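# Inside the fold
The lines below spell out each chain.
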Amino acid sequence: MKYIVQLAALVALPLGASAAHAATSFTDRSAFIAQTSPQGMIDFNSAQAGSSFENQDLTVGNITLRGGFFPFDPPGGINFIAPGGRCTNVSFFLAQIDGSQFACAFVADGIDLSIDFNAPVTAWGAEFKAFVEEDIQVKFSFFDADAALVADYIAEGLDPLVPSFIGLDFMGQDVTQLIFSILPNPDKEENFDAFGMDNMVFAFGRGAGTPNPVPVPPALLLFGSAGAAFAGLRRIHRLER
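Residues numbered from 1 in each chain as written. Predicted model: local features only at pLDDT ≥ 70, side-chain atom pairs only at ≥ 80, totals over all residues. Heavy atoms only, no water.

### Here we look at the overall build of the protein
What counts, and what does not: Secondary structure elements are taken from DSSP: a helix is a run of H or I of four residues or more, a strand is a run of E of two residues or more, and numbering for both begins at the N terminus. For every residue, the accessible area (1.4 Å probe, protein chains only) is compared with the maximum for its type, and the residue is labelled buried under 20%, exposed over 50%, or partly exposed between those bounds. Every residue pair with non-hydrogen atoms within 4.5 Å of one another is taken to be in contact. Every accessible area reported is derived by Shrake-Rupley at a probe size of 1.4 Å, with residue values counting cover from the shown protein chains alone.
A tally of helices and strands in the protein yields two helices and 13 strands. Each of the 241 residues in the protein was classed as buried or not, and the buried ones make up 54%. Within the protein, contacts between residues separated by at least 24 positions form 76% of all contacts whose residues are at least 6 apart in sequence. Of the roughly 10500 Å² of accessible surface on the protein, 54% is carried by carbon and sulfur atoms.

### A few points about the packing of aromatic side chains
For any two aromatic rings, the description comes down to two numbers: the centre-to-centre distance and the angle of the planes. We count it as follows: Between 30 and 60 degrees the pair is tilted, below 30 it is stacked and above 60 it is edge-to-face, where a pair is any two Phe, Tyr or Trp rings, Trp via its six-membered ring, whose centres lie within 6.5 Å.
Counted by the stated rule, this structure contains 18 aromatic pairs. On the numbers, 5.4 Å between centres and 80° between planes, the contact of Phe 202 with Phe 204 is edge-to-face. Under the relative-accessibility criterion, Phe 202 is labelled buried at 3%. A connected cluster of aromatic rings, assembled from ring pairs, spans Trp 124, Phe 128, Phe 131, Phe 140, Phe 142, Tyr 153, Phe 170, Phe 180 and Phe 195.

### Overview of the pairing of strand 7 (residues 102–108)
This is how it is decided: At least two bridges found by DSSP between two strands are what make those strands a pair.
Across the seven residues that make up strand 7, a large majority, seven, are buried. Direction of pairing for strand 6 (residues 80–82) relative to strand 7: antiparallel, over a ladder of three bridges. Residue pairing for strand 7: Ile 81 is matched across the bridge by Ala 103. The pairing of strand 7 with strand 13 (residues 192–204) spans six bridges and is classified as antiparallel. Opposite Ala 103, over in strand 13, you have Met 197 as the bridge partner.

### A look at the nonpolar core
Heads up, the rule is: Nonpolar cores are built from buried Ala, Val, Leu, Ile, Met, Phe, Trp, Tyr and Cys residues. Side-chain atoms within 4.5 Å join them into one set.
Ranked by internal contacts, the top residues of the largest apolar core, which has 44 residues, are Trp 124, Phe 128, Phe 131, Phe 140, Phe 180, Met 197 and Met 200. The element contributing the most residues to this core is strand 8 (residues 113–129), with eight residues. Contact partners of Met 200, with chain neighbours within four places excluded, come to Gly 40, Met 41, Ile 42, Phe 44, Ile 63, Ile 115, Trp 124, Gly 125 and Ala 126. Phe 26, Ala 123, Val 201 and Ala 203 belong to the second largest nonpolar core, which has eight residues in total.

### A short note on helix 1 (residues 29–36)
Of all the positions in helix 1, only Arg 29, Ala 31, Phe 32, Ile 33 and Thr 36 are classed as buried. Two residues or fewer after helix 1 comes Ser 37, characterised by a positive phi angle close to 45°.

### Description of the side chain of Thr 122
The topology assignment puts Thr 122 in strand 8. With a relative accessible area of 13%, Thr 122 lands in the buried category. Every residue in contact with Thr 122, bar those within four places of it in the chain, is listed here: Asp 169, Phe 170, Met 171, Gly 172, Gln 173, Asp 174, Ala 203, Phe 204 and Gly 205.

### Regarding the confidence of the model for the protein
Rule in force here: The predictor's confidence in any single residue is recorded as pLDDT, a number from 0 to 100.
Counting all residues, the mean pLDDT for the protein is 77, and 70% of those residues have values of 70 or more. In this model residues 1–19 is a low-confidence stretch, pLDDT under 50, and it forms 50 contacts with partners more than four residues away in sequence or in other chains. Here residues 210–215 is modelled with pLDDT under 50, and outside its nearest four sequence neighbours on either side it reaches four contacts, counting other chains as well.

In structure tokens:
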């Protein structure tokens, strides 16, 4: 499995053989924007801080989030809009992307996180932090309106303390759902990942109708990547059950 090259100025990386259709992945936000010309952005600043998407739906802009129930939550829950509560057993500050509100998310073996696109998209990307720590692999599975797999992407080998961009261009295919899942590591006693997700960008698909998105200036689309060159000094602690 190839590791994602963090912050590399690569135009594109090919998806693995498991992809159902032609798709292109990116780890460089500016290259993704140049190719896909996204018309929408979600930074979660308009969402109510502390609102939960754990085992329930939470709609923010063009997406609806839903995370599975985790029975060993620390105070404040796992799946919610930060600030407010705790992402793991440490402060949410270690998972924030650029100092603004973000979606604090949790996935584990048997506990997935889903994102429904309320208007179909043909390209999608977001920034992550505290992601795929300690030999964890997170699988992104993208589906169309008929629940057919459009593409798979496996994230691994990222520095959890540095914001990382991951984006995919589905080459004209409409996507209506994204599911994050853990690929269990048999050598680990626990398989889970808690992470921050922010500054989501997407291009609307043919089936989106007329979403009438507010035009997003290129400078604003690129803003979220500004802090990606700075690594934190503290390590994310494991969640203690």
